[in-house]
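Inside the fold
Chain by chain, the residues run as shown.
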Amino acid sequence: MTSKEQVITMGCRSHCGGSCVLKVYVREGVIVHIETDDQDEPQLRACPMCRSYRQRIYSPDRLLYPLKRVGERGEGKFERISWDEALETIAREYRRIAEAYGPASVLYLGAGGDLSFLHNSRTVQRAFNMAGGCTVSWGNPSREGEVYAMLATYGLTEAGHSADDLVNSKLVILWGMNPTTHHRSGTALAMFRAKEAGARFIAVDPRLTDTAGVLADRWIPLRPGTDVAVMLAMAYMIITEELQDQKFLDTYTVGFDQFKAYVLGNEDGVAKTPRWAEAISGIPAQTIAKLAREYATIKPAALLASWGPGRSAMGEQFHRAAYVLAAMTGNIGMHGGGAGGLPPPGLTGNPARLLGTGLPLGDNPVEADSPLRSDAIIPPEGYGGGAGGRASVAARLTVKVNHSLIWDAILKGRAGGYASDYKMLYMMGNRITQYPNLNKAIQALKSVEFIANEEHFMTPTAKFADIVLPTATFFERNDATQGAGPHVSFMKKVIDPLGECRSHLEIGIGLAQKLGIVNYNDKTEEEWLKALVGPVVPDYEQFKEAGVHKFKRPEPYVAFKEQIQDPKNNPFPTPSAKIEIHSQRLADMNIPMIPAIPKYIEPWESSKDPLAKKYPLQLITSHPKRRMHSQFDNLPWLREIEPQAVMISTADAEARGINNGDLVRVFNQRGEMIIPASVTGRIMPGVVDIPEGAWYDPDEHGIDRGGCANVLTRDQPSAGGAFPANTSLVEVQKA
Ligand SMILES: Nc1nc2c(c(=O)[nH]1)N[C@H]1C(S)=C(S)[C@@H](COP(=O)(O)OP(=O)(O)OC[C@H]3O[C@@H](n4cnc5c(=O)[nH]c(N)nc54)[C@H](O)[C@@H]3O)O[C@H]1N2
Ligand SMILES: Nc1nc2c(c(=O)[nH]1)N[C@H]1C(S)=C(S)[C@@H](COP(=O)(O)OP(=O)(O)OC[C@H]3O[C@@H](n4cnc5c(=O)[nH]c(N)nc54)[C@H](O)[C@@H]3O)O[C@H]1N2
Ligand SMILES: [Mo]
């Protein structure tokens, strides 16, 4: 460090769910270097994306001025305009469209690109709410299947132990979980510690992930979407060998007998044996039997049912089945065990999770009289189900549009059964790369009357906008965030905003003014931050200076410890006050694809779908190692890590005459791309993986050359609203 250099410690919050600690070296107003945590354990060391931030901030492609479109939508031709003109245009279009078609015709689509406390997508939503309202989308793309299953089973939406509890596990089952890639600052490190302490790891995943490669004793590949069949067969083994913890089931659960009847075949005549599951999943029956015995007898054991398998056509069933296995083995509420949830990305057991996030949204007039969807799970009287539970219920207003159906809703509107016709879009982030069925997205974006997009870069989505607003990164304003430590971080402004970039609060204030709103905001940035984080840190000024506050816990956090140790005084917030293996609430809804007990239901576009004759490979779209979704895709340093490619098994490649590195066509009825093949033994035959988030880059024939997975994905959510990212069929050919 030279004398002119300043070193500022701060947190990141770029959407992985963690928050790496960054030590930022600044010289004369310019960031020259970024290092990471060298302080107290648990250290929150930076991921590759965090270490590359300098290249992102100073990228020659950063958007520095407001822009207005001058070419066709999608063409990418823009002209610089003033903030005044940009905000005036958005306000004018909002008023015109809300008047002509009603405020519900304005779709507001926030993004998770930046998960900070103050500067986030709430600022503009508040302005629209105060001006007359707008339609917002619903469905947590990360884990709606899990949220729904948890609400049905446990009555709330978080059921993970803190990662530092893994050292107490003797067995860890990584069920579709890959935390060395999905950084979440600290989870992977906790796993290595558990391994050193003697835990065995088993991975159940169509891919041999980096995490499984370094940690697992055994990799059990299976066909995507068949997990529930395997879990039912494990239950069959546990029941027939009488390995279940009957006392636990009798004390803490309801409905095991109905589940048992279904598993044994007394309900539908089909015994859910390992052999039955082998035919569905591709996992040999003996392997399933062995896994069942191990999980039932090695205690404590943590079954970590991650979100990838839940991001699928029958996502809820996967998570519900995992919770039943956790209950059958009596692993819930004890150190080293687990209720089937994940080490939380900085939420559970972190005092910061109690914090509000930023500006109040205010009431949205468009939602005022909207009834709840009939599939909403309403927490019992007097219990909110926690913030997540309330949010999940609020999400299920009929007036909202499920994320996966946005493009369909725009194209069909009222005629298609949606609550409104949609004419204006205000977007944060890169929607078309991130939501399913990109070609439909393009049609939809061409059909609306007005689009505004807030961004850092001219993304494939921004190219369709009429007005693009340049937003400051979190290095260019003050904010705070929470992380996985558990910790809370201050995100100090280390440089002035580049060009004319503005913070979210400034954009909200500017837009509110143009919309003629009074009383939009009564606090400065500093006042907001003090109000938001002040209550949980011992000394706010010291916290700002230190950049990070790590909460000390007397012991690792264990989900449902109180409910298990003292059930009388700590009921589960479900109607029965117990863990609901059979849910009467689900039974009453009478939705065939959401049965009262978890069941195996054959998904659409599975290997057994007649469509598989034409498109025989199951596509999964894992989260990328060198990007945060679509963020960082455009950075040269990160591109060096690995090329965007389709992962295909050696057997499938050989059958198609494909060699490693060859350019291949990946296609189905929805779209087509040409990208390199990564031929490997690390993926199950019959399955291909295209990591999500690559930027769509069409050639002159409209064929994507960027490798954007959502060119191929089907835009049909699960019955419970889960994002369907891992349920699509494709074919691959040499290009
Ligand atoms: N580097 C990086 N880290 C990230 C993100 C990122 O984009 N990049 N995104 C962050 C976000 S927002 C989220 S929500 C989380 C996502 O975290 P996850 O949902 O856990 O991530 P995925 O890669 O989608 O899925 C995990 C694993 O599930 C496997 N899988 C897919 N389908 C199936 C199936 O049917 N059965 C089984 N058993 N396994 C299956 C995949 O092969 C993958 O290895 O990651 C966070 N962390
Ligand atoms: N096929 C497939 N699709 C998926 C998934 C999958 O597994 N498979 N995963 C889904 C999941 S779990 C998630 S969470 C979503 C994520 O989808 P998004 O939330 O849309 O993803 P990001 O790419 O993280 O962020 C979007 C944009 O926000 C911008 N951005 C970042 N910070 C800021 C800021 O401060 N202000 C503004 N205005 N913009 C900012 C970035 O430049 C980026 O373009 O993707 C989903 N899409
Ligand atoms: Mo996510």
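Preceding block: the structure.
Now for a look at the structure at hand.

1. Some details on the overall build of the protein
Secondary structure summary: the protein contains 24 helices and 26 strands in total. Expected size for 735 residues packed as a compact globule is a radius of gyration near 27 Å; at 25 Å, the protein falls within 12% of this value. Principal axes of the C-alpha set define a box for the protein whose edges measure 70 × 60 × 55 Å. For the protein, the proportion of contacts with a sequence separation of at least 24, taken over those separated by at least 6, is 75%. Of the roughly 26,500 Å² of accessible surface on the protein, a fraction of 50% belongs to carbon and sulfur atoms. Charged side chains in the protein number 79 positive and 83 negative. The centres of these two groups are separated by 2 Å.

2. Quick look at the site of ligand 1
Neighbouring ligand 1 are 33 residues; His 182, Asp 205, Asp 227, Ser 306 and Arg 311 lie closest to it. Within the contact set of ligand 1, an oxygen atom lies 3.0 Å away from a backbone nitrogen or oxygen of Gly 308. The backbone of His 623 places a nitrogen or oxygen atom 2.8 Å from an oxygen atom of ligand 1. Bound to the protein, ligand 1 loses 98% of the 920 Å² it would expose on its own. Considering only residue class, the shell around ligand 1 consists of 12 nonpolar, 14 polar and 7 charged.

3. Remarks on the packing of helix α5 (residues 144–153) against helix α13 (residues 315–328)
For the pair α5 and α13, interaxial distance at closest approach is 8 Å and the crossing angle is 45°. As summarised for this structure, α5 and α13 are arranged oblique, according to the angle between their axes. The two elements α5 and α13 meet at a crossing, and its hand is right-handed. Residues Gly 145, Glu 146, Tyr 148, Ala 149, Met 150, Ala 152 and Thr 153 of α5 touch α13, and the partners they reach there are Gly 315, Glu 316, His 319, Arg 320 and Tyr 323.

4. As for the pattern of salt bridges
Counted according to the given criterion, the structure contains 53 salt bridges. The partner of Lys 412 in a salt bridge is Asp 408, with the nearest N and O atoms 2.8 Å apart. A residue pair is termed a helical-turn pair when its members lie 3 or 4 positions apart in one helix, as Lys 412 and Asp 408 do in helix α15 (residues 406–412) at 4 residues. Given a relative accessible area of 8%, Asp 408 falls into the buried group. Note that Arg 714 and Glu 605 form a salt bridge whose closest N and O atoms lie 3.0 Å from each other. In this pair, Arg 714 is assigned in the loop between β25 (687–689) and β26 (728–734) and Glu 605 in the loop between α22 (584–589) and β21 (617–620), connecting sequence segments 109 residues apart.

5. Brief notes about the pairing of strand β14 (residues 424–428)
In terms of burial, β14 is largely enclosed, as 5 of its 5 residues are buried. In β14, alternate side chains face the same way, and those of Met 424, Tyr 426 and Met 428 on one face and Leu 425 and Met 427 on the other are all buried. Pairing geometry for strand β6 (residues 106–109) and β14, over 4 bridges, is parallel. By the bridge assignment for β14, Leu 107 is matched with Leu 425.

6. Description of helix α11 (residues 274–281)
Every buried residue belonging to α11 is among Pro 274, Trp 276, Ala 277, Ile 280 and Ser 281, and all of these are buried. Axial view of α11: buried residues confined to an arc of 155°, hence all on one face. In α11, the exposed positions angled more than 90 degrees off the buried face are occupied by Arg 275 and Ala 279. Buried residues belonging to α11 abut α8 (227–240) and α12 (285–297). Gly 282 sits one or two residues past α11 and shows a positive phi near 90°.

7. Comments concerning unusual backbone geometry
Cis geometry marks the peptide bond from Lys 299 to Pro 300; its omega dihedral reads -5°. If you trace the backbone, Pro 300 turns up in the loop between α12 and β12 (301–305). Not every positive phi belongs to a glycine, and Glu 242 is a case in point at roughly 50°. Position of Glu 242 relative to the elements: it lies in the loop between α8 and α9 (246–252). Residues other than glycine seldom take positive phi values, yet Asn 590 does so here, at roughly 60°. Note that Asn 590 resides in the loop between α22 and β21.

8. Remarks on the site of ligand 2
Around ligand 2, 30 residues are found, and the nearest of them are Gln 434, Glu 455, Ser 630, Gln 631 and Asn 710. Thr 471 places a side-chain nitrogen or oxygen 3.1 Å from a nitrogen atom of ligand 2. Here a nitrogen atom of ligand 2 sits 2.7 Å away from a polar atom, N or O, in the side chain of Asn 710. Taking 920 Å² as the accessible area of ligand 2 by itself, protein coverage stands at 97%. Across the shell around ligand 2, the residue classes break down as 7 nonpolar, 17 polar and 6 charged.

9. Overview of the nonpolar core
Judged by nonpolar contacts, the single largest core of 63 residues is most densely connected at Tyr 154, Trp 175, Phe 259, Met 328 and Ile 332. Considering each element in turn, this core owes the most residues, 12 residues, to α8. Not counting residues within four places of it along the chain, the set of residues in contact with Phe 259 comprises Leu 232, Ala 235, Val 324, Met 328, Ile 581, Ile 597 and Pro 598. Ile 410, Met 427, Leu 438 and Ala 441 belong to the second-largest nonpolar core, a separate cluster that totals 49 residues.

10. Quick notes on the sheet that holds β26
Ordered by their spatial adjacency, 6 strands build a closed barrel running β21-β25-β22-β24-β23-β26, and the pairing between neighbours is mixed. Neighbour-to-neighbour, the strand axes of this sheet turn through a mean angle of 45°, independent of strand direction. Two strands pair when backbone bridges link them, and strand β22 (residues 646–649) and β25 are joined in this way by 2 bridges, in the antiparallel orientation. Bridge pairing links Ile 648 to Val 688 in β25.

11. Remarks on the packing of aromatic side chains
Using the criterion set out here, one finds 19 aromatic pairs in the structure. Both rings, one in Phe 560 and one in Phe 572, keep their centres 5.0 Å apart while their planes meet at 55°; by these two values the pair is tilted. Of this pair, Phe 560 sits in the loop between β19 (548–550) and α21 (561–565) while Phe 572 sits in the loop between α21 and β20 (579–580); the two residues are 12 residues apart in sequence, bridging distant segments of the chain. You can call Phe 560 buried: its relative accessible area is 5%.

12. Digging into the environment of Glu 158
Mapping Glu 158 onto the fold places it in the loop between α5 and β8 (171–175). Residue Glu 158 is classed as partly exposed on the basis of its relative accessible area of 23%.

13. Focus on the side chain of Asn 478
You can see Asn 478 is positioned in the loop between β16 (467–470) and β17 (479–483). For Asn 478, the side chain forms a polar contact with the side chain of Glu 525, separated by 3.1 Å.

14. Observations regarding the sheet that holds strand β2 (residues 21–27)
As summarised here, the arrangement of the 3 strands in space is β1-β2-β3, forming an open sheet in which the pairing is antiparallel. For this open sheet the edge positions go to β1 (5–11) and β3 (30–36), each flanked by a neighbour on one side alone. For this sheet the average axis-to-axis angle between neighbouring strands, irrespective of direction, equals 25°.

15. Here's the deal with the packing of helix α3 (residues 83–101) against helix α18 (residues 504–514)
Close contact between α3 and α18 brings their axes to 9 Å; oriented N to C, the two are set at 55°. Overall, the two elements α3 and α18 adopt an arrangement that is oblique. As α3 runs across α18, the sense of the crossing is right-handed. Within the contact between the two elements, α3 uses Trp 83, Asp 84, Leu 87, Glu 88, Ile 90, Ala 91 and Arg 95 and α18 uses Ile 507, Gly 510, Leu 511 and Lys 514. Of the residues contributing to the contact of α3 with α18, the split by class is 6 nonpolar, 1 polar and 4 charged.

Analysis parameters
- Residues numbered from 1 in each chain as written.
- Chains lettered and ligands numbered in written order.
- Predicted model: local features only at pLDDT ≥ 70, side-chain atom pairs only at ≥ 80, totals over all residues.
- Heavy atoms only, no water.
- Helix = DSSP H or I, 4+ residues; strand = E, 2+ residues; numbered from the N terminus.
- Rg over C-alpha atoms; globule rule 2.2 N^0.38 Å.
- Contact = heavy atoms within 4.5 Å.
- Areas by Shrake-Rupley, 256 points an atom, 1.4 Å probe, with all protein chains shown as cover.
- Lys, Arg positive; Asp, Glu negative; His and termini not counted.
- Charge placed at Lys NZ, Arg CZ, Asp CG, Glu CD.
- Near = heavy atom within 4 Å.
- Polar contact = N/O pair within 3.5 Å; in protein donor to acceptor, adjacent residues only side chain to side chain.
- Nonpolar A, V, L, I, M, F, W, Y, C, P; charged D, E, K, R; others polar.
- Axes fitted to C-alpha atoms, helices over the stretch in contact; angles between N-to-C directions.
- Parallel < 35°, antiparallel > 145°, perpendicular 65-115°, else oblique.
- Left-handed = near helix turned anticlockwise from the far one by under 90°.
- Salt bridge = Lys/Arg side-chain N within 4 Å of Asp/Glu carboxyl O.
- Buried < 20%, exposed > 50% of the residue type's maximum accessible area, 1.4 Å probe, protein only.
- Pairing = 2+ DSSP bridges.
- Arc of directions from axis to C-beta.
- Core = buried A, V, L, I, M, F, W, Y, C linked by side-chain atoms within 4.5 Å.
- Phe/Tyr/Trp six-rings, centres within 6.5 Å; stacked < 30°, edge-to-face > 60°.

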